Amino acid sequence: MNLVDKRKNTFALTTPLYYVNDLPHIGSAYTTMAADVVARYQRLVGNTVLLITGTDEHGQKIQRSAEGKGESPQEFCDRMSAGFGSLWEFLDIKYDRFIRTTDSRHHGIVKEFFQRVQEKGDIYLGQQKGWYCVSCEEFKEERELLEGNLCPIHTNKKAEWRDEENYFFRLSKYQNELEQLYKSQPDFIQPLSRRNEVIKFVEQGLQDFSISRVNVDWGFPVPGNDKHTLYVWFDALLGYITALLDADVEPTLENALEKWWPINLHLIGKDILRFHAVYWPAMLMSAGLPLPKSVFGHGFLTKDGHKMGKTLGNTLDPFALRERYDADAIRYYFLKEIEFGRDGDFNEIRFIKVLNADLANDLGNLLNRTLNMVKKYCGGKMPQVTSQYISIENPLKVIGLELPDKIKLAYEALAFNQACETILSLVRASNKFIDEQAPWSLYKQGQQETVEKVLYAVLESVRLAAYWLSPIIPNISTDIYQQLGFDINFNESLPSLNAPVDTHGIWGLLTSEQTLGKAKPIFKRIEPPESN
Ligand code: MSP
């Protein structure tokens, strides 16, 4: 699936705008890391990228959390929102826009959008009766609730009964158009299991949903009736549009939509799929705007096989995790060990095993032992061969030449685990190749040319692996590249990142002219914690 806007070579993607009722949790970090990997991949292959993230700051849940802390909602939001920015820095996430829904410019966009939908005749006043989960900020069907009216997602929170006058959005009117959309654009909802889930839900018949609240102050007033506050989700989804405004332009829909709309990819968790794959496109249809290209709903994370939750006392704090481990290690584990789209688990013992096996042993040792052999057998100079002298039957060349296409497909399908596995297959083949070729014996036998060819093939394979792993482990890739003598930092993006894909992305770039850097371990083995 290639979602790039081919006319402009641009790619705009979003993470959800996170609620600020609490510090960011590992679920928010997971989506944001994945989004950063997609953005870095797209930049690496030469596209111009806009990665949007931000915080969702209105609504009853935030209002109550602020009250609970004895702060004004705005002060509370300012403090909490900053926490997200710092976590993204700790995890080396390079976002382009950070939108806060309390931004005054957002208000202008929301008003204009509301008016468009109203003029279309899609907003009306009605009576809303039902069970509301404040933590989800969503009405629930009675049959969905657990015993004691507990929310099925926030199992320690009771849904609250509401019977009030609300404004409604005519979702039902868009039933056919939505069904048509899912049919004509099969990639609109991904992965397939989520697409099926949405299609089934829509088939049951869509009901209009309420887009205002009474008795909630923290939010934008409904244009024309300030007794009502706009429903937090109606306002939040529009944050994706406000985020597109350049800094110095007037906050109008026209200005916001000019350059980057439609969004190429919304990355979200499966629990908020309905909002993004049903409500959001219907709202856009009503406003007469083009639709995003796709919505990808990833799975949920568990810890040691159990659902995470404060009441269960088993949350995984991303700040604490980052204090113990490098950003690359955390990014690698979540993207390599979990199939994106499915639920996945975090277990610290497994975490340590995977990192030691893949990054310390397979990749790190390979580079280190090869550079040491280069020192011993080639006087520390790059082997005196170029790729054209390596036989086309050389197993590393065979794998290396096929690799880029496979990796691109994997990244484009957001199959990060497959991308990693494909790259690791080259790394593992390189280790095997060295063991089989035994350059130390070849050297003793005086077969200098063969030694140099073997070492060349391995160094080139490590380089290629580092290049294609750079969206996931940018710091380790930079270290590898620097040891191979390149002055390249994968934390920079094009054009300052001087590593074009049509030369660096394929096997055979290294030449005998290259001056190698100093060898040093790229990933320190992690010792398992004492108690384990
Ligand atoms: N504010 C809304 C999104 C509005 S977008 C216009 C929201 N925020 S949230 O902070 O509650 O959730 C953000 C994301 O975290 C969601 O994509 C959700 O799926 C994800 N996760 C929450 N718990 C999670 C796990 N245990 N595992 C993986 N992701 C999970 O919803």
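Residues numbered from 1 in each chain as written. Predicted model: local features only at pLDDT ≥ 70, side-chain atom pairs only at ≥ 80, totals over all residues. Heavy atoms only, no water.

**Student:** So what about the sheet that holds strand β9 (residues 212–213)? Which residues, and what values?
**Tutor:** Neighbouring strands of a sheet are bound in pairs by backbone hydrogen bonds; such pairs are parallel or else antiparallel. The antiparallel open sheet is built from three strands, whose spatial order is β9-β11-β10. One side of each edge strand has no neighbouring strand; the edge strands of this open sheet are β9 and β10 (221–222). Two elements, β10 and strand β11 (residues 225–230), share two bridges in a ladder whose sense is antiparallel. In the sheet register, Val222 faces β11, and the bridge partner there is Asn225. (Pairing = 2+ DSSP bridges. Helix = DSSP H or I, 4+ residues; strand = E, 2+ residues; numbered from the N terminus.)

**Student:** Residue-level account of helix α11 (residues 327–337), with values.
**Tutor:** Among the 11 residues that make up α11, 10 are buried, leaving the element largely enclosed by the rest of the structure. Residues of α11 that are buried: Ala327, Asp328, Ala329, Ile330, Arg331, Tyr332, Tyr333, Phe334, Leu335 and Lys336. (Buried < 20%, exposed > 50% of the residue type's maximum accessible area, 1.4 Å probe, protein only.)

**Student:** Now, about the site of the ligand: what can you tell me, with residues and values included?
**Tutor:** Taken together, 20 residues form the shell around the ligand, and within it Leu17, Asp56, Gly269, Asp271 and Leu301 come nearest. Within the contact set of the ligand, an oxygen atom lies 2.4 Å away from a side-chain nitrogen or oxygen of Asp271. Burial of the ligand by the protein amounts to 91% of the accessible area it has alone, namely 670 Å². At the level of secondary structure, the elements contributing two or more residues to the shell around the ligand comprise β1 (10–19), α7 (232–242) and β12 (265–269). Partitioned by chemical class, the residues of the shell around the ligand number 12 nonpolar, six polar and two charged. (Near = heavy atom within 4 Å. Polar contact = N/O pair within 3.5 Å; in protein donor to acceptor, adjacent residues only side chain to side chain. Areas by Shrake-Rupley, 256 points an atom, 1.4 Å probe, with all protein chains shown as cover. Nonpolar A, V, L, I, M, F, W, Y, C, P; charged D, E, K, R; others polar.)

**Student:** An account of the sheet that holds strand β8 (residues 209–210) is requested, with residue identities and associated values reported.
**Tutor:** In space, the four strands of this open sheet follow the order β5-β4-β6-β8, with antiparallel pairing throughout. Two strands in the sheet have a free side with no partner beyond their single neighbour: β5 (138–140) and β8.

**Student:** For the packing of helix α5 (residues 175–184) against helix α6 (residues 192–203), give the residues involved together with the corresponding values.
**Tutor:** The N-to-C vectors of α5 and α6 enclose an angle of 160 degrees; their axes lie 10 Å apart at closest approach. Put simply, α5 runs roughly antiparallel to α6. Every pair of crossing elements has a handedness; the one defined by α5 and α6 is left-handed. Contact residues: Gln175, Glu179, Tyr182 and Lys183 in α5; Arg195, Val198, Ile199, Val202 and Glu203 in α6. Residue composition of the contact of α5 with α6, by class: four nonpolar, one polar and four charged. (Axes fitted to C-alpha atoms, helices over the stretch in contact; angles between N-to-C directions. Parallel < 35°, antiparallel > 145°, perpendicular 65-115°, else oblique. Left-handed = near helix turned anticlockwise from the far one by under 90°. Contact = heavy atoms within 4.5 Å.)

**Student:** Which residues make up the nonpolar core, and what are the values?
**Tutor:** Among the nonpolar cores identified, the biggest contains 178 residues, and Phe113, Leu178, Ile241, Phe334, Leu363 and Trp468 are the most heavily contacted of them. Both of domain 1 (10–324) and domain 2 (348–504) provide at least three residues apiece to this core. Filtering out sequence-adjacent residues up to four positions away, Phe113 remains in contact with Phe234, Leu238, Leu253, Met283, Leu284, Ala287 and Leu289. (Core = buried A, V, L, I, M, F, W, Y, C linked by side-chain atoms within 4.5 Å. Domains from an automatic or database assignment.)

**Student:** So what's going on with α7? Residues and values would help.
**Tutor:** In terms of residue burial, α7 counts as a mostly covered element, since 11 of its 11 residues are buried. Those residues of α7 that sit buried are Val232, Trp233, Phe234, Asp235, Ala236, Leu237, Leu238, Gly239, Tyr240, Ile241 and Thr242.

**Student:** Now, about the domain arrangement of the protein chain: what can you tell me, with residues and values included?
**Tutor:** In terms of domain boundaries, the protein chain breaks down into domain 1 (10–324) and domain 2 (348–504). Here domain 1 and domain 2 have C-alpha centroids that lie 41 Å from each other. Between domain 1 and domain 2, the residue contacts involve 16 residues of the former and 20 residues of the latter. Three residues, Arg40, Tyr41 and Leu44, lead the burial of domain 1 against domain 2; their summed loss comes to 43% of the area buried on that side. Our count for the domain 1 to domain 2 interface comes out at one salt bridge. (Buried area = accessible area lost by both parts, 1.4 Å probe. Salt bridge = Lys/Arg side-chain N within 4 Å of Asp/Glu carboxyl O.)

**Student:** So what's going on with the side chain of His228? Residues and values would help.
**Tutor:** Tracing the backbone through its elements, the reader meets His228 in strand β11. Excluding anything up to four places from it in sequence, His228 contacts Leu125, Glu165, Asn166, Tyr167, Ser212, Arg213, Val214, Phe220, Pro221 and Val222.

**Student:** Could you give me a rundown of empty space enclosed by the protein, with the residues and numbers involved?
**Tutor:** Under the counting rule described, the total for this entry stands at three cavities of 30 Å³ or more. In this structure, the largest cavity occupies an estimated 120 Å³ of space. Lining the largest cavity are Arg40, Arg43, Leu44, Lys94, Ser470, Pro471, Phe490, Asn491, Glu492, Ser493 and Leu497. In terms of residue class, the lining of the largest cavity is made up of four nonpolar, three polar and four charged. Both of domain 1 (10–324) and domain 2 (348–504) provide at least three residues apiece to the lining of the largest cavity. Taken as a whole, the second largest cavity spans an internal volume of roughly 60 Å³. (1 Å grid on protein atoms, 1.4 Å probe; cavity = no way out; pocket = protein on both sides within 12 Å on 5 of 7 lines; lining within 4 Å. Points joined across faces, edges and corners; volume = space filled by probe spheres on them.)

**Student:** Break down the packing of helix α14 (residues 416–437) against helix α16 (residues 448–469) for me, with residues and values.
**Tutor:** Interaxial distance between α14 and α16 falls to 10 Å at its minimum, and their mutual angle equals 165 degrees. One finds that α14 runs roughly antiparallel with respect to α16. Note on packing geometry: the crossing formed by α14 with α16 is left-handed. Counted together, Cys420, Ile423, Leu426, Val427, Ser430, Phe433, Ile434 and Gln437 of α14 and Val454, Ala457, Val458, Ser461, Leu464, Ala465, Trp468 and Leu469 of α16 form the full contact between these two elements. A class-by-class count of the residues in the contact of α14 with α16 yields 13 nonpolar, three polar and no charged.

**Student:** Residues and numbers for the packing of aromatic side chains, please.
**Tutor:** Evaluation of the coordinates by the stated rule reveals 35 aromatic pairs. Ring geometry for Tyr18 against Phe84: centres 5.8 Å apart, planes inclined by 10 degrees, an arrangement best described as stacked. One end of the pair, Tyr18, is in strand β1; the other, Phe84, is in helix α3 (residues 73–90), with 66 residues separating them in the sequence. Phe84 matches Tyr18 in its accessibility class, with the two residues each being buried. Considering the side-chain rings of Phe346 and Phe351, the 5.4 Å spacing of their centres and the 50 degrees angle between planes classify their relative orientation as tilted. Judged by relative accessible area, Phe346 falls into the buried class, the value being 2%. Connected via pairs of aromatic rings, a cluster forms that spans Tyr30, Phe296, Tyr325, Tyr333, Phe334, Phe340, Phe346, Phe351 and Phe416. A cation over a ring is seen here: Arg213 above Tyr231, with NZ or CZ 4.1 Å from the ring centre. The positively charged end of Arg274 is found above the aromatic ring belonging to Phe201, 3.8 Å away from the centroid. (Phe/Tyr/Trp six-rings, centres within 6.5 Å; stacked < 30°, edge-to-face > 60°. Lys NZ or Arg CZ within 6 Å of the ring centre and 35° of its normal.)

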